[in-house]
Every structure is written in C-alpha cells, then in structure tokens.
Amino acid sequence: MEIFKTKASLQAHLQKARSAGKKIALIPTMGALHEGHLSLLDYAKPISDIRVCSIFVNPTQFNDPKDLEKYPRPIENDIKLLESVACDILFMPSVDEMYPDKDENWHIDLGELDQIWEGEKRPGHFQGVTQVVYKLFILVQPDIACFGQKDFQQVMVIKRMIEIKDLPIQLAICPIIRDEHGLALSSRNMRLSEEGKIKALALSRSLQYVKDHLADNIDLQEIKKKALTILTQTEGLTVEYFAICESNSLKEVERIDASKQYVALVTAWVEGVRLIDNMTLA
Ligand code: PAF
C-alpha cells in the first residue's frame, strides 16, 4: 500500500493511473477502522482497479470541539487493517493540507435534508461533510465512491451533492455490517459495556419489527408505536428519534405507497453513547 500525505503527490500518482485507464474507487473515512469500513474496501475490489482509502478526521463536521479532540486516531492499527485487505492507496493529509485557507467558506443548499434528523441534532454537520467530501472528489476524481448505509442520511446528502454539482461519480451504498446479534458495527460500540451492547440491540429489534410487520397492512402509526415500545421498555436506553421516512427526502410518512422506497431511522443513547441505526423497508 502506498501512503500519500500531500494532495500534489496523490494527484500526480493518480494522474498516471487514470491515463493507463485504471478505474478508481474512493473510500472516505475518519479512521478508527473496523469491519464495517473494511467491507467498503471489499465491496470496491471487484468493481475497481485502484482503491484509495482516505483517513482524515475532518474538523468542519464537528460541532463540539471536545468531540473532535476525543475522536480516536489509532493510525498504526488502521494501516495494518488496510494492508490486510490489500488497499492500494492510503491518503492521510493534515488539516493544513486540506484547509490551506483558514477562512474558506462553503455552503451547499441541501434543503430540508440539512435540517431534519441528524441535520437538526448536529447543526452544520452535513455542510462540513459535503465540504470535505467535495474536496476529496475533486482531488481523487474517483469513478466510484463507497459509503456505508449505516449513515443513511449522510449517503442521501452525498447523493444530493453529486446531483447538484453534476459529478460523474457512481455512488455505491454498501450494506450495514452487524455483529452476530444484530448490533450495527460502529467505532462507538467500543465505549459500551457488555450489558450496554445487549441494551443497544433494541435499536435493530425495533427496526426489524417495522420491516417484518409492514406487509401485514396494519396502520403505520400502530407499527411505529409498537416498535417504539421495544425501545422505551429497554431500561437505560433513551430514544432521540424514531421515524419511518421516504428514502430520498427522509420526510416522515403517515402511510406507505408501494411505488416508493422507505427507511426506518433510529437514534438512541445507551451508557452515554449516541447510537444510530436504520433499515430500508423494501
Ligand atoms: O462517515 C465518515 O466517516 C465521514 O463523515 C466522512 C464521509 C469520511 C467525511 O469526513
């Protein structure tokens, strides 16, 4: 695996690969890699010639400076993991390399997507995400960019940005990786005790409940109420939001229309850890 720390050196290398007709996949991350991230690299393998993984803890997407400071940076382990899956290129720039202009302004009109759910709870978060992902897209010019479905709203935001900026990039949405009990993999799970992990299973159980009962043609509000009960009856778990939404707009819906696609979203706190999960409802 080749490691690049500057935009110029990465660009020069990729320019040669592109001229040789190589198909490039980009897997943007903030490091602290786990099986979920590695599954994105696996996904990209058969559909690209060169896999570029970026590790950059992006300051503009954090609203709490303490969160940014505390963000884990186990870079030696991350490098080992990337080598274990034969990643071709790791790009790990410094903050100055990515943001040479301290006063850089960025704004993209994401409409309501920026104001609901994660957008409402973390103001400015998706502006920061799109700012850095756009920089990476322009730099790497990937044919394919892989993102995990785990951050469903983030994927919808990136999809919208690709449309707005008219970028020739194929967006690959890679499935959520769950442990054997159903807990969605996340770097945050490391902060849960064994008991906390059991409590956290209520998230996937509530989503699965919705998925399993949609076909029964029961009133959607009734299904949602029962799914919420799974969460509220779990001691030590606090629900932040639970919603059944149309997949693209993420607008909450009252009823299901067979011609559209839907997703159930949940965010809850367990042992001081904020957990998010979702399930697409075919
Ligand atoms: O999902 C993440 O890890 C980050 O939001 C991303 C997409 C790498 C942008 O910093």
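Being a predicted model, the structure only gives us computed values, none of them experimental.

### Digging into the nonpolar core
Note that soluble globular proteins tend to have their nonpolar side chains buried in a common cluster.
Then, number 1: Phe-137 and Leu-250 are the most contacted members of the largest nonpolar core, which has 43 residues in total.
Then, number 2: It is helix α7 (residues 125–140) that provides the largest number of residues to this core, a total of 8 residues.
Then, number 3: Residues contacting Leu-250, with those up to four places away along its chain left out, are Leu-113, Ile-116, Trp-117, Phe-152, Gln-153, Cys-245, Val-263 and Leu-265.
Then, number 4: With 28 residues, the next largest nonpolar core counts Leu-192, Leu-201, Leu-237 and Leu-275 among its residues.

### Some remarks on the UniProt feature "binding site: (R)-pantoate" (unreviewed entry) in the chain
Then, number 1: When the UniProt feature table is mapped onto this chain, "binding site: (R)-pantoate" (unreviewed entry) is found at Gln-61 and Gln-154. The greatest C-alpha distance among the residues just named is 11.5 Å, despite their covering 94 residues of sequence, which places them together in space.
Then, number 2: Mapped onto the secondary structure, Gln-61 falls in the loop between β3 (50–55) and α3 (65–70).
Then, number 3: Among residues more than four places away in sequence, those in contact with Gln-61 are Met-30, Arg-122, His-125, Gly-128, Val-129 and Val-132.
Then, number 4: At a separation of 3.0 Å, a polar atom in the side chain of Gln-61 contacts the side chain of Asn-58.
Then, number 5: Here Gln-154 shows up in helix α8 (residues 152–165).
Then, number 6: Since its relative accessible area comes to 18%, Gln-154 is described here as buried.
Then, number 7: Every residue in contact with Gln-154, bar those within four places of it in the chain, is listed here: Phe-126, Val-129 and Phe-147.

### Points about the packing of aromatic side chains
Then, number 1: Evaluation of the coordinates by the stated rule reveals 5 aromatic pairs.
Then, number 2: Taken together, a centroid distance of 6.3 Å and an interplanar angle of 40° make the contact between Phe-56 and Tyr-99 tilted. Placement of Phe-56 in the loop between β3 and α3 and of Tyr-99 in the loop between α5 (95–98) and α6 (118–121) is noted, with a sequence separation of 43 residues between them. Accessibility assignment for this pair places Phe-56 and Tyr-99 in one class, buried.
Then, number 3: For the ring pair Phe-137 and Phe-147, a centre distance of 6.5 Å and an interplane angle of 80° mean the geometry is edge-to-face. Remark: Phe-147 occurs in strand β5 (residues 144–148) and Phe-137 occurs in helix α7; sequence separation between them is 10 residues.

### Description of the packing of helix α9 (residues 194–214) against helix α10 (residues 220–232)
Then, number 1: It is the contact of α9 with α10, at a shortest axis distance of 8 Å, that shows an interaxial angle of 160°. As judged from the angle between their axes, α9 and α10 are roughly antiparallel. Considering only the axes of α9 and α10, their crossing is right-handed. Facing α9, whose interface residues are Ala-202, Leu-203, Arg-205, Ser-206, Tyr-209, Val-210, His-213 and Leu-214, α10 presents Leu-220, Ile-223, Lys-226, Ala-227, Ile-230 and Leu-231.
Then, number 2: Looking at side-chain class alone, the contact of α9 with α10 contains 10 nonpolar, 2 polar and 2 charged residues.

### Examining the site of the ligand
Then, number 1: Contacts to the ligand come from Pro-28, Thr-29, Met-30, Asn-58, Gln-61, Val-129, Val-132, Phe-147 and Gln-154.
Then, number 2: Interatomic distance of 2.6 Å between a side-chain N/O atom of Gln-61 and an oxygen atom of the ligand.
Then, number 3: Residue Gln-154 places a side-chain N or O atom 2.7 Å away from an oxygen atom belonging to the ligand.
Then, number 4: Taking 290 Å² as the accessible area of the ligand by itself, protein coverage stands at 87%.
Then, number 5: Going through the elements one at a time, β2 (24–29) and α7 are the ones with two or more residues in the shell around the ligand.
Then, number 6: Class assignment for the residues of the shell around the ligand results in 5 nonpolar, 4 polar and no charged.

So, how was this worked out
- Residues numbered from 1 in each chain as written.
- Predicted model: local features only at pLDDT ≥ 70, side-chain atom pairs only at ≥ 80, totals over all residues.
- Heavy atoms only, no water.
- Core = buried A, V, L, I, M, F, W, Y, C linked by side-chain atoms within 4.5 Å.
- Buried < 20%, exposed > 50% of the residue type's maximum accessible area, 1.4 Å probe, protein only.
- Helix = DSSP H or I, 4+ residues; strand = E, 2+ residues; numbered from the N terminus.
- Contact = heavy atoms within 4.5 Å.
- UniProt positions renumbered as here; feature names shortened; annotations may be inferred.
- Polar contact = N/O pair within 3.5 Å; in protein donor to acceptor, adjacent residues only side chain to side chain.
- Phe/Tyr/Trp six-rings, centres within 6.5 Å; stacked < 30°, edge-to-face > 60°.
- Axes fitted to C-alpha atoms, helices over the stretch in contact; angles between N-to-C directions.
- Parallel < 35°, antiparallel > 145°, perpendicular 65-115°, else oblique.
- Left-handed = near helix turned anticlockwise from the far one by under 90°.
- Nonpolar A, V, L, I, M, F, W, Y, C, P; charged D, E, K, R; others polar.
- Near = heavy atom within 4 Å.
- Areas by Shrake-Rupley, 256 points an atom, 1.4 Å probe, with all protein chains shown as cover.

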